[in-house]
Every structure is written in C-alpha cells, then in structure tokens.
There are 2 protein chains.
Amino acid sequence: MISFVAPSGTGKTSLVEAVIKNLCGRGLRVAGVKHDAHRIELDTKGKDSWRMRKAGAETLLVGKNQLAWMSDNGSAPPLEDLVRLFFSEADVVIVEGYRSAGLPTILVARPEVSDPTWRRPDEDRIIATVHPDEVETATELVLKHLAD
Amino acid sequence: MISFVAPSGTGKTSLVEAVIKNLCGRGLRVAGVKHDAHRIELDTKGKDSWRMRKAGAETLLVGKNQLAWMSDNGSAPPLEDLVRLFFSEADVVIVEGYRSAGLPTILVARPEVSDPTWRRPDEDRIIATVHPDEVETATELVLKHLAD
C-alpha cells in the first residue's frame, strides 16, 4: 500500500489515474482506495436497501460487481481489514488520502498551488515529492516501494 | 443470520422493514443484507473513484458512514466474511435473498401471488412460511432462531 496526498487542485487524481494505467500496463493487478472524510450517499431513497436502513439496520447491498455498506451511526472498518478482504489478490494498492492509516506517502505538489490551511502529512511518512506531471517518476516510486 | 425469500411482488420488503423496526424496538442491534443478483452501479461518472476504476483498478470508496467496493471483473467476497467484517457487533442479521449462502429461510407467501417461473428455496432450508402481514409471527420466528 502506498498513499498519494496533495492539497486540493494539485492534479493528484489525474496523476493517480495515469500511474494506475501504467501499472496495469505492466501486468500488475492494481487496487485503488479513495478516502472521503465527508458523508457520502450511495443509496437511493425508496430502494430496498434504503428502506432496511431507515427501519434501523446497518445495511449491506451486495451485487455481482459492486457492494455498498451503509450505516447511520457506525464507522467503516479499518483500512487494513478492508484491503485484506477485498484486495487479497492485488499486487499493489494505491490509496488517495487516508492519512490516519499512516502509510508511506508520495506528496504531490505543484509550485503554483498553495493552500495555507493545508496540513502536510507527517514528514517521516513522505517517501518523495513529485509534480503531478511526473507520471513515470511516480510509477517508478511505486514499483520501488513494492520491491523494497 | 436468517434469510427472507419470496417471489417478486409478495410484499417481502415491507415485511422485512417492519420486522427490523420491531427488533430494533426491542433493543437489538440489527443488520440487513440485500442481495441483488444483477449488476448495480453505485459510482458516478467522472468522480475520483470512477476515474480510478476506469484506469483499471478495483476500487474502494470509503466515507465516514458509507463505503463502496466496485470492480469491473472481480466478484464480491463471501457473505460470511462480509458479515464478520461489517456486522461483528450486530445481534441479528436479516438477509433478503442470497440463496447461495444456504441460510435458514423464512418463505414469504401471499396466496394471490403466484409466479410459475419462481424457484422455491431448498425445502430443508425453510423454517417457516409466513404471509407478508404477519409481522409479529415473523419477528417471533427470528427471535426463536436467535435463541436456538
């Protein structure tokens, strides 16, 4: 697992997208985790899973290729447990955000973007700083991290 | 874990909803699983998680209160593993459908609804047959199953 972290507007997602394509092109099985600190809403009002949840149950909606867990008061399981269950066959897991997991981190920075309110990750987690255009460099950093 | 199974149009979801409310009202922690044999689409085109997936990665989107796993070629983990990870603190797990899991099953039936193409669950899984209006009976069946 390796994490990409950047202030908003840096172009992190485009870089992550390109790195994933690169890694897949090398035959690796890649998994991605996007962390969103806010509330998200996957459910649709009136659907069966929504009705179960509104009746008071924590709910799982399980389809062939997708799955949703929805809770009005619980909190998501730890990242390591999720990765073990869902990504046991992945060669590499690319994580966007998720600072609380304390992962080795590639910091994405663009000189013209600065946000004084943005808090840098812990320095001892940062394994490198890259510009969002440095797709090959970032890919090599991930591969090197895998090999270590 | 206990499963509710019925032909479409029987009123199963309304019954499950009422049973969940009843169980919650008795102070139990209830979890629900809705199985959908079809492809479902939780993602939104253009979102970060969608971009990761389209780049070739199996993807997890993790929020505060909800979580989505999305894959274009994988299959969902087994029900038991999902329940162990997400519902470890639940007192009871109500499952809609999911025949492949071979759970004890309450068959929901309404005389006026008959679907000749509908396949009954294995007889040895059926612990009772209830009418969709029999909320108290169904609740008692779940409680009895918990106590067994």
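Residues numbered from 1 in each chain as written. Chains lettered and ligands numbered in written order. Predicted model: local features only at pLDDT ≥ 70, side-chain atom pairs only at ≥ 80, totals over all residues. Heavy atoms only, no water.

## A look at the overall build of chain A
Selection rule: Secondary structure counts use DSSP, requiring at least four H or I residues in a row for a helix and at least two E residues in a row for a strand, with both numbered from the N terminus. Throughout, exposure labels follow a simple rule: accessible area from a 1.4 Å probe, protein chains only, divided by the maximum for the residue type, with under 20% read as buried, over 50% as exposed, and the rest as partly exposed. In this description, contact between two residues means that some pair of their heavy atoms is separated by no more than 4.5 Å. Using a 1.4 Å probe, the Shrake-Rupley method yields the accessible areas, and only the shown protein chains count as cover for residues. When charges are tallied, Lys and Arg are placed among the positive residues and Asp and Glu among the negative ones, while His and the ends of the chain are skipped. Note on charges: their place is set at NZ of Lys, CZ of Arg, CG of Asp or CD of Glu.
Across its full length, chain A holds four helices and seven strands. The linear arrangement of helices and strands in chain A, starting from the amino end, is β-α-β-α-β-β-α-β-β-β-α. Once the C-alpha set of chain A is aligned to its principal axes, its extents read approximately 50 × 40 × 25 Å. Across the 148 residues of chain A, 47% fall into the buried class. Considering only contacts in chain A between residues 6 or more positions apart, those separated by 24 or more positions represent 61%. Split by element, the accessible area of chain A, about 7000 Å² in all, is 47% carbon and sulfur. Distance between charge centroids for chain A: 6 Å, based on 19 positive and 22 negative side chains.

## As for the pattern of salt bridges
To keep things clear, this is the line we draw: The term salt bridge refers to a pairing of a side-chain nitrogen on Lys or Arg with a carboxyl oxygen on Asp or Glu at a separation within 4 Å.
Inspection of every chain in the model, using the stated rule, returns 24 salt bridges over all chains. The partner of R53 of chain A in a salt bridge is D72 of chain A, and the shortest N-O contact between them spans 2.8 Å. Taken together, the residues span a long stretch of sequence, with R53 of chain A in helix α2 (residues 48–54) and D72 of chain A in the loop between β4 (66–70) and α3 (79–86) at a distance of 19 residues. Among the ionic contacts, a cluster of salt bridges with common partners joins K12, K34 and E96 of chain A together with D48 of chain B.

## Things to note about the nonpolar core
Defined as follows: Note on terminology: a nonpolar core comprises buried Ala, Val, Leu, Ile, Met, Phe, Trp, Tyr and Cys residues joined through side-chain atoms within 4.5 Å.
Judged by nonpolar contacts, the single largest core of 32 residues is most densely connected at F86 of chain A together with F86 of chain B. Beyond its immediate stretch of four places on either side in the chain, F86 of chain A contacts L67 of chain A together with E58, L60, W69, P77, L82 and F86 of chain B. Counting residues in hydrophobic clusters, the runner-up holds 21 residues, among them A55 of chain A together with V16, I20 and V108 of chain B.

## Observations regarding the side chain of K12 of chain A
Turning to its location among the elements, K12 of chain A is positioned in helix α1 (residues 12–25). Overall, the relative accessible area of 16% leaves K12 of chain A in the buried class.

## Examining the interface of chain A and chain B
So the rule is basically this: A simple way to read buried area is as the amount of 1.4 Å-probe accessible surface that goes missing from two parts once joined, with both sides added. Within 3.5 Å is the distance limit for a polar contact, defined as a pair of N or O atoms, with the added protein rule that one can donate a hydrogen and the other accept it, and that residues adjacent in sequence qualify only through two side-chain atoms. Here the nonpolar group is Ala, Val, Leu, Ile, Met, Phe, Trp, Tyr, Cys and Pro; Asp, Glu, Lys and Arg are the charged ones; every other residue, Gly included, is treated as polar.
Each partner contributes to the interface: chain A provides 55 residues, whereas chain B provides 55 residues. Summed over both partners, the interface of chain A with chain B comes to about 5300 Å²; 61% of that surface belongs to carbon and sulfur atoms. Of all residues in chain A, M52, N65 and Q66 of chain A bury the most surface against chain B, accounting for 14% of the area lost on that side. Across the pair E17 of chain A and R51 of chain B runs a salt bridge whose closest N-O atoms are separated by 2.8 Å. On inspection of chain A and its partner chain B, the count reaches 26 residue pairs in polar contact (both at pLDDT 80 or more). Counting only elements with at least two residues in the side of chain A that touches chain B, the list comes to α1, β2 (30–35), α2, β3 (58–62), β4, α3 and β5 (92–96) of chain A. In terms of residues, the side of chain A that touches chain B owes the most to one element, α1 of chain A, which gives seven residues. Looking at the side of chain A that touches chain B residue by residue, the class counts come to 27 nonpolar, 13 polar and 15 charged.

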